[in-house]
Amino acid sequence: MAEKDIPYKIHLTEGEMPEAWYNVRADMKTDHRPILHPGTLQPVTEDDLRPVFCDELVKQELNDKDRFIEIPGPVRDFYRMYRPSPVVRAYFLEKELKTPAKIYYKYEGGNTSGSHKLNSAIAQAYYAQAQGLKGVTTETGAGQWGTALSMACGYFGLDCKVFMVKVSAEQKPYRKAVMETYGASVTPSPSETTQVGRQILADDPNTTGSLGCAISEAVEAAVTAEGYRYVLGSVLNQVLIHQSIVGLEAKAALEKYGEYPDVIIGCAGGGSNLGGLMAPFMADKLAGRASPRFIAVEPASCPSLTRGRFAYDFCDTGKVTPLAKMYTLGSSFIPASNHAGGLRYHGMSPILSQLYHDGYLDEARAVGQISVFEAAKLFARVEGLLPAPESAHAIRVAIDEALKCRESGESRTILFGLTGTGYFDLAAYMQYNSGVMEDYIPTDEDLKRGLNALPALPGVE
Ligand SMILES: *Cc1c(COP(=O)(O)O)cnc(C)c1O
């Protein structure tokens, strides 16, 4: 097909939407190391996880066999309300950059929660309801996950208890308003409502909270209440399975026009959007059918892939969760507040970590937030869409790659994930516009504190 025939927006029809998620673990050359029970240090079993997650999600978490997992009918029905999401050819950005590269982005911000997180929230809420549970608990940092989950629980009539990092709850009252509109209850964390919250407050009464603290509280709230389970919006294997819908749709849409990306870029907080976007392309790479280059982009203020260690660590600050082998800055690491709240997690998805360690995820790049907002502003101006700061990390690197093509004259096809809208991040845009935004990059000394506190596990590699 002639290039000019590629439309600005490529839509799949509803009938072309995937009917199954893809589970990359079934194809990985080395599976990631098992998650370990925090007490026994043995690999967790289904029985260990059932008090925490709902039964079907426990199975998905431990599933390294099934390549495809059918998307349940009620989840597909819900997906139809906001999917398939478009793949957009960023013609105007290409023109602005005078690059021979072709730039595509997959846009996940077109739903009320404003990000890709709804893709997994609706699946998790469905399984909880199907099991007859009363409700779920979770944590939220910047608020995107809590918002997505409150929508999903509202749809299926489940109670939803959200522990929201205290500083975010104070800075983002509108997020709280959306969650409450959908029927969720929102508790600033750390709180006095859990034992682990009281402990964290006793240790540091002035703490502004962190994702790791809020996870500890949400897990405790789930396991101590009858009929509740805990759900998490990123990092876990099950979440990457659900997010594969993003990559499956993107691949199918590009195939319609005979396109295949040379470079695939995603921002990486816990790794779910990048894991989902790259999943079907990774399948090609693992099978030797194609070799696209994958780039994970993280904030310089929270550089788990680029400066962290590949080690077993707790997934939360309170050390109540199992241990996962992942790239981590240490569960006690609390990143400086930056404006990409969704990227402020100390660890990285074990799947992504293993793929990075094995060289299939080719590169991780850390970028400073001022250069990220420069990219966001340029993108907003020429492509007409205000991106979330998290997404703008991917835009930054997509622009940099396209500029490299301008220098080399190479025409490469770039695909990046535009994970969300920036409408809930206007305080950040205000800071950037008024010139008071700062780049905070932790020193080696800063990082050492978290890394030195990694758990010592005798006999475990
Ligand atoms: C949460 C979030 C991210 C980062 O999370 P991942 O699990 O790494 O995908 C990126 N973009 C937006 C808009 C988010 O809300």
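Residues numbered from 1 in each chain as written. Predicted model: local features only at pLDDT ≥ 70, side-chain atom pairs only at ≥ 80, totals over all residues. Heavy atoms only, no water.

Things to note about the site of the ligand
In step 1: Close contacts around the ligand come from 18 residues, with Lys117, Ser234, Gly269, Asn273 and Thr419 the closest.
In step 2: Between Gly269 and the ligand, the recorded distance is 2.7 Å, taken from a backbone N or O atom to an oxygen atom.
In step 3: Relative to its free-state accessible area of 380 Å², the ligand is covered by the protein chains to the extent of 98%.
In step 4: In terms of residue class, the shell around the ligand is built from four nonpolar, twelve polar and two charged.
In step 5: For the shell around the ligand, the domains that each give at least three residues are domain 1 (3–17 + 82–114 + 237–452) and domain 2 (50–69 + 116–230). (Near = heavy atom within 4 Å. Polar contact = N/O pair within 3.5 Å; in protein donor to acceptor, adjacent residues only side chain to side chain. Areas by Shrake-Rupley, 256 points an atom, 1.4 Å probe, with all protein chains shown as cover. Nonpolar A, V, L, I, M, F, W, Y, C, P; charged D, E, K, R; others polar. Domains from an automatic or database assignment.)

Some details on unusual backbone geometry
In step 1: Residue Arg83 is joined to Pro84 through a cis peptide bond whose omega torsion reads -10 degrees.
In step 2: Take Pro84: it is sitting in the loop between α3 (73–82) and β4 (87–89).
In step 3: Residue Pro190 is reached from Ser189 by a cis peptide bond, and omega for that bond is 5 degrees.
In step 4: Mapped onto the elements, Pro190 comes out in the loop between β8 (185–189) and α9 (195–203).
In step 5: Positioned with a positive phi, Leu41 is a non-glycine residue whose angle comes to about 60 degrees.
In step 6: Along the chain, Leu41 turns up in the loop between β2 (20–22) and α1 (46–49).
In step 7: Positive phi, normally seen in glycine, also occurs at Val235, with a value near 65 degrees.
In step 8: Positionally, Val235 belongs in the loop between β9 (228–230) and α11 (237–255).
In step 9: On the accessibility criterion, Val235 (7% relative accessible area) is buried. (Helix = DSSP H or I, 4+ residues; strand = E, 2+ residues; numbered from the N terminus. Buried < 20%, exposed > 50% of the residue type's maximum accessible area, 1.4 Å probe, protein only.)

Remarks on the packing of α11 against helix α12 (residues 272–286)
In step 1: Two numbers describe how α11 lies on α12: the axes approach to 6 Å, and their chain directions differ by 60 degrees. Considering their axes alone, α11 and α12 lie oblique with respect to each other. With respect to the hand of their crossing, α11 and α12 are arranged in right-handed fashion. Taking contact as the criterion, the partners of Val239, Leu240, Gln243, Ser244, Val246, Gly247, Leu248, Ala250 and Lys251 in α11 are, on α12, Ser272, Gly275, Gly276, Leu277, Ala279, Pro280, Phe281 and Asp284.
In step 2: Of the residues that constitute the contact of α11 with α12, the class distribution is nine nonpolar, six polar and two charged. (Axes fitted to C-alpha atoms, helices over the stretch in contact; angles between N-to-C directions. Parallel < 35°, antiparallel > 145°, perpendicular 65-115°, else oblique. Left-handed = near helix turned anticlockwise from the far one by under 90°. Contact = heavy atoms within 4.5 Å.)

Observations concerning the domain arrangement of the chain
In step 1: Domain parsing of the chain yields domain 1 (3–17 + 82–114 + 237–452) and domain 2 (50–69 + 116–230).
In step 2: One C-alpha centre belongs to domain 1, the other to domain 2; they are set 23 Å apart.
In step 3: With 32 residues of domain 1 in contact, the opposing surface of domain 2 contributes 31 residues.
In step 4: Around 2700 Å² of area is buried between domain 1 and domain 2 when both sides are counted, 57% of it from carbon and sulfur atoms.
In step 5: Across the domain 1-domain 2 interface, the total number found is one salt bridge.
In step 6: A salt bridge links Lys172 to Asp425; the nearest nitrogen and oxygen atoms lie 3.3 Å apart.
In step 7: Applying the counting criterion to the domain 1 and domain 2 interface returns 15 residue pairs in polar contact (both at pLDDT 80 or more).
In step 8: Only α11 and α12 provide two or more residues apiece to the side of domain 1 that touches domain 2. (Buried area = accessible area lost by both parts, 1.4 Å probe. Salt bridge = Lys/Arg side-chain N within 4 Å of Asp/Glu carboxyl O.)

Considering the sheet that holds strand β6 (residues 135–140)
In step 1: Spatially, four strands are ordered β8-β7-β6-β9 in an open sheet, and the strand pairing comes out parallel. Among the strands making up the open sheet, the edge pair consists of β8 and β9. Here the average twist between neighbouring strands, direction ignored, is 25 degrees.
In step 2: The pairing of β6 with strand β7 (residues 159–165) spans six bridges and is classified as parallel. Considered in β7, the bridge of Glu139 is made with Phe163.
In step 3: Against the sheet, helix α10 (residues 211–223) touches β6, β7, β8 and β9, its axis set at about 170 degrees to β6. (Pairing = 2+ DSSP bridges.)

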